[in-house]
Amino acid sequence: MAKTGYGKRLADDEEPYSEADFAHLGSREAELATFIDHLPAGAAMGYKDIAAEHPLYGQQAIRTSLGRLTEAGHLRWIKEHLTVEDNSMRWVTRTYWSREPRSPQRWAEFARDRHGRDVTHDHHPGLARVPEPAEEQAPEPEAVPEPSAAYRTLAQLRLADRRMALSDGECRALETLAGQWLDHGATPQDITHALTAGLPPTVTNPGGLARNRLESKMPPKPPAKTKTPSRAHVTRAIFVCGLCEEPETTTELVNGICADCRAECDAFEAEEARLGIQIGYVPDTFLTRPRAAAPVMDVTERVAELRRAAGLPTGRGGV
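A few points on the structure.

Reading the values: rules and limits
- Residues numbered from 1 in each chain as written.
- Predicted model: local features only at pLDDT ≥ 70, side-chain atom pairs only at ≥ 80, totals over all residues.
- Heavy atoms only, no water.
- Axes fitted to C-alpha atoms, helices over the stretch in contact; angles between N-to-C directions.
- Helix = DSSP H or I, 4+ residues; strand = E, 2+ residues; numbered from the N terminus.
- Parallel < 35°, antiparallel > 145°, perpendicular 65-115°, else oblique.
- Left-handed = near helix turned anticlockwise from the far one by under 90°.
- Contact = heavy atoms within 4.5 Å.
- Nonpolar A, V, L, I, M, F, W, Y, C, P; charged D, E, K, R; others polar.
- Phe/Tyr/Trp six-rings, centres within 6.5 Å; stacked < 30°, edge-to-face > 60°.
- Buried < 20%, exposed > 50% of the residue type's maximum accessible area, 1.4 Å probe, protein only.
- Lys NZ or Arg CZ within 6 Å of the ring centre and 35° of its normal.
- Core = buried A, V, L, I, M, F, W, Y, C linked by side-chain atoms within 4.5 Å.
- Pairing = 2+ DSSP bridges.
- 1 Å grid on protein atoms, 1.4 Å probe; cavity = no way out; pocket = protein on both sides within 12 Å on 5 of 7 lines; lining within 4 Å.
- Points joined across faces, edges and corners; volume = space filled by probe spheres on them.
- Salt bridge = Lys/Arg side-chain N within 4 Å of Asp/Glu carboxyl O.

With that settled, consider the packing of helix 8 (residues 188–196) against helix 9 (residues 206–216). The contact between helix 8 and helix 9 brings their axes to 9 Å, and the two run at 120°. In terms of orientation, helix 8 lies oblique with respect to helix 9. By crossing handedness, the relation of helix 8 to helix 9 is classed as right-handed. Contacts between helix 8 and helix 9 involve I191, A194, L195 and T196 on the former and, on the latter, A210, R213 and L214. Residue composition of the contact of helix 8 with helix 9, by class: five nonpolar, one polar and one charged.

Following this line, the structure appears as structure tokens:
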């Protein structure tokens, strides 16, 4: 399976699978199409990933067949630019599969329809665009940190009631406890009321009294809030080559494949045709169903012909 938000995606709802769906394809492409069609949503679609799982073909054969499936209209790779509510942005490349072959015009319309789509449900955060670093400047003098809200609340108790006048040391010693009150949702007014209400006529140890009340009257920690994901929308969608991911903005794509990758596919198939075999096919010993053995060739006449052409004797005595 691919990372969240990546991998195989259906271009649209489809009818149940039928053996005739891929009858228009070559044998290897039809077999690979059936394999891909049965993969679950989110399955990794790179040729290396598929070759690692496919029982018959290697990486180059899978890569070539993926190119042919793309040209036939079953596959498209679309690079989508996402904009998230927190103003972060990222590019993701998604793989779309269609059991029904689609024309380039239908795929172009599909890409246009991606604009504005809400993709929050499959947005995978963590790759937001990082702003450019600012130019180095001379360091400024270190500023004296402002006192915290908890410290200020404790220091201002003397204004609410002179009996609770706390020294600087007492305020710093109690700052953490008062900060916990604020973290639990209490306001500075709540702390002031808790520490000054119902005081005895004389307070001989305001610091000790304040600590006792802060500890004994600590408000409960509020329940954790469920974090809602930031909304993510597709703000741009462009096609990329299905084999090298080169975008259509930098190279011409014909039926989803760039010229260089098409040439590689053509060269691979030409080599197969020259050799008369399917390169990368698993040998018979790895298959569960045996195939007929290759016929034994008698090369005696061919050897004799070559020896005559070289002026060599053809009989056994001359060997």
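It is worth spelling out the packing of aromatic side chains at this point. Applying the stated rule across the entire model yields three aromatic pairs. Between Y96 and F110, the ring centres sit 4.9 Å apart and the planes meet at 70°, which makes this aromatic pair edge-to-face. Of the two residues, Y96 sits in strand 3 (residues 89–97) while F110 sits in helix 4 (residues 104–114), which places them 14 residues apart along the sequence. A relative accessible area of 12% places F110 in the buried class. Plain terms: the ring middles of W107 and F110 are 5.6 Å apart, the flat faces sit at 85° to each other, and that makes the pair edge-to-face. Of this pair, W107 and F110 both sit in helix 4, separated by three residues, roughly a single helical turn. The exposure classification of W107 matches that of F110, with both residues buried. Feature note: the residues Y96, W107 and F110 constitute an aromatic cluster, connected by ring pairs. Across from the ring centre of Y57, 5.7 Å away, lies the NZ or CZ of R28, which sits over that ring. Above the face of the Y47 ring, R63 is positioned so that its terminal group lies 5.6 Å from the ring centre.

Attention now goes to the nonpolar core. By size, the foremost hydrophobic cluster in this structure holds 43 residues, and its most contacted members are I36, L66 and L69. Counting residues in hydrophobic clusters, the runner-up holds 19 residues, among them L154, A178, L199 and A210.

Moving on to the pairing of strand 2 (residues 75–84). By the criterion of burial, strand 2 is predominantly enclosed, with eight of the 10 residues buried. In the sheet, strand 2 pairs with strand 3 via nine bridges, with the strands oriented antiparallel. Looking at the pairing, K79 lines up with T93 of strand 3. Counting the residues between successive antiparallel strands, the hairpin from strand 2 to strand 3 contains four residues, one of them, N87, with a positive phi of roughly 70°.

Once that is clear, we can look at the layout of surface pockets. There is about 300 Å³ of room inside the largest pocket. In terms of lining residues, the largest pocket is bounded by 16 residues, among which M45, G46, W77, T95 and E245 are the most central. Those elements giving two or more residues to the lining of the largest pocket turn out to be helix 2 (47–53) and strand 3. If you tally residues by element for the lining of the largest pocket, the top one is helix 2, at three residues. Residues that form the lining of the largest pocket fall into these classes: eight nonpolar, five polar and three charged.

Positive phi values are uncommon outside glycine, yet E245 reaches one of about 65°. Mapped onto the secondary structure, E245 falls in the loop between strand 4 (232–240) and strand 5 (253–254). Notably, N255 is not glycine yet its phi reads approximately 55°, a positive angle. Relative to the elements of secondary structure, N255 occurs in the loop between strand 5 and strand 6 (257–258). Residue N255 is classed as partly exposed on the basis of its relative accessible area, which comes to 30%.

The next subject is the sheet that holds strand 1 (residues 8–10). The strand order 1-3-2-4 describes an open sheet built from four strands, whose pairing is mixed. Lying at the two open borders of the sheet, with one neighbouring strand each, are strand 1 and strand 4. With direction set aside, neighbouring strand axes in the sheet form an average angle of 45°. One ladder, built from eight bridges, connects strand 2 with strand 4; its direction is antiparallel. Of the residues in strand 4, the one forming a bridge with V84 is A232.

Okay, the pattern of salt bridges next. Scanning all chains against the criterion turns up 16 salt bridges. Put simply, E272 and R28 hold a salt bridge, and the shortest N to O gap is 2.7 Å. With E272 in helix 10 (residues 259–275) and R28 in helix 1 (residues 27–37), this residue pair connects regions lying 244 residues apart in the sequence. Per residue, the accessibility class of E272 equals that of R28, and both read buried. One salt bridge in this structure joins E80 and R94, with 2.8 Å as the shortest N-O distance. Of this pair, E80 sits in strand 2 while R94 sits in strand 3, and the two are 14 residues apart along the sequence.

This is a description of form; function is not addressed.
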